[in-house]
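Coordinate inspection notes
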Amino acid sequence: MKLSHFNFNLPVELLAEYPAENRDESRLMVVNRQTKTIEHRLFKDVIDYFDDGDVFIINNTKVFPARMYGNKEKTGARIEVFLLRELNAEQRLWDVLVDPARKIRIGNKLYFGDDDSLVAEVIDNTTSRGRTLRFLYDGSYEDFRMKLLELGETPIPKYINRELTAEDAERYQTIYAKEEGAVAAPTAGLHFSKHLLKRLEIKGIDFAEVTLHVGLGTFNPVEVEDLSKHKMDSEELKIKQEACDIVNNAKLKKKKICCVGTTSMRAIESSVSSQGTLNPFEGWTNKFIFPPHDFSIADCMITNFHTPKSTLLMMVSAFCGHDLMKKAYEEAVKEKYKFYSYGDAMLIL
């Protein structure tokens, strides 16, 4: 399939600026691949589609406050610094994006905080906006990390054109987030409330946790018509034996296995055995899933509504079937479902 197959008209007013008032009361579109039918529910109704012994695979990554603002030495120009990944803990080297990039060159220093208590030096150019920074800080590594957390902001997506609120720090994080390292939330998981999780547990649904630290590369635009030529950025992935046991036992018993989000799906599809079972994994994945693709483990998935030509839409289309996905998205636009990070959800059965 080609890039142009994933284009559609998305009215700008359907991009969600705010989350639903209650996590589990966002809207839920239920798409059945066998019957080709579409239902309209609330997210908390997801419990109606699962039974004792079924499994949800969730991504327990935790978003860290990756967006910082510093001042350039001499000129005092305000520079946005977006922390992408730590390269060397001992030397305090980080891969970052800077904006505006044209002002930042090797050798420049940036000062952070009202008291300039944190300084960083640019030591390399990596891409047009990418830089490598060495942070200069006298305290311990633990104190340095605390300083980053203190000075950073929750990195809500740029399309949300408003001031950050105190609510965003809580709502742009899943309630089961624990492994810090993502610069963007696994947004399908944002719909789960504590109350809904408890109801699912009482019904006998099991949860298998994986960790995929979402990077900004997930949202990079695809710039080639031939999808086989697109390269995904690598993201750090960990799958423990405990999660594999939960998933493989459910598969053996022919129970439903539901991936919560495209990140969970990428995670498990990156570590499948030749027998179609889930293997433990620790490393990096740059797997790009687009139609046609044979999925090995999950037989249903929960996902948000994605933007045109995005790699996320391509993966969901591979899972749902392109024609049915197109029909579902036409329905979503018509029924004014909310799209993107704070948007509504879809359950594909």
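The sections below set out a description of the structure shown in this document. (Residues numbered from 1 in each chain as written. Predicted model: local features only at pLDDT ≥ 70, side-chain atom pairs only at ≥ 80, totals over all residues. Heavy atoms only, no water.)

This next bit is on the overall build of the protein. When its secondary structure is counted, the protein shows 7 helices and 17 strands. Scaling as 2.2 N^0.38, a compact globule of 349 residues should have a C-alpha radius of gyration of about 20 Å, and the protein matches this with 21 Å. Across the 349 residues of the protein, 53% fall into the buried class. In the protein, 70% of the contacts between residues at least 6 apart in sequence involve partners at least 24 apart. Charge separation in the protein, taken as the distance between the mean sites of 48 positive and 53 negative side-chain charges, equals 4 Å. (Helix = DSSP H or I, 4+ residues; strand = E, 2+ residues; numbered from the N terminus. Rg over C-alpha atoms; globule rule 2.2 N^0.38 Å. Buried < 20%, exposed > 50% of the residue type's maximum accessible area, 1.4 Å probe, protein only. Contact = heavy atoms within 4.5 Å. Lys, Arg positive; Asp, Glu negative; His and termini not counted. Charge placed at Lys NZ, Arg CZ, Asp CG, Glu CD.)

If you trace the backbone, Arg162 turns up in the loop between helix H1 (141-151) and helix H2 (166-171). Engagement of the side chain of Arg162 in a polar contact is seen with the side chain of Asp168, the distance being 2.8 Å. Non-local contacts of Arg162, meaning those with residues more than four positions away in its chain, are made with Glu17, Tyr18, Ile156, Asp168 and Tyr342. (Polar contact = N/O pair within 3.5 Å; in protein donor to acceptor, adjacent residues only side chain to side chain.)

Reading around the barrel, the 6 strands line up as S5-S6-S7-S10-S9-S8 and close back on themselves, with antiparallel pairing between neighbours. Pairs of neighbouring strands in the sheet enclose a mean axial angle of 45 degrees, with direction left out of account. When strand S5 (residues 67-72) meets strand S8 (residues 109-112), the two strands line up antiparallel, connected through 3 bridges. When the bridges of S8 are listed, Gly70 appears paired with Phe112. Here H1 sits on the sheet and contacts S5, strand S6 (78-88), strand S7 (93-99), S8, strand S9 (118-125) and strand S10 (130-136); the angle it forms with S9, its principal contact strand, is near 90 degrees. (Pairing = 2+ DSSP bridges. Axes fitted to C-alpha atoms, helices over the stretch in contact; angles between N-to-C directions.)

The element helix H6 (residues 311-320) is largely enclosed, with a buried count of 10 among its 10 residues. Buried within H6 are the following residues: Thr311, Leu312, Leu313, Met314, Met315, Val316, Ser317, Ala318, Phe319 and Cys320. Those residues of H6 hidden inside the fold are in contact with strand S1 (27-32), helix H5 (262-269), strand S16 (300-304), helix H7 (322-334) and strand S17 (345-348).

Going residue by residue along S8, you find Leu110 and Phe112 tucked away on one face and Lys109 and Tyr111 left uncovered on the opposite face. Bridge count for S8 against S9 is 4 bridges, and the pairing is antiparallel. Looking across to S9, one finds that Tyr111 is bridged to Val119. Hairpin connection of S8 to S9: 5 residues between the antiparallel strands, including Gly113 at a positive phi of 85 degrees.

Quick look at the nonpolar core now. Among the nonpolar cores identified, the biggest contains 63 residues, and Ile57, Met265 and Met346 are the most heavily contacted of them. Among the elements that line this core, the one with the most residues is H6, at 7 residues. (Core = buried A, V, L, I, M, F, W, Y, C linked by side-chain atoms within 4.5 Å.)

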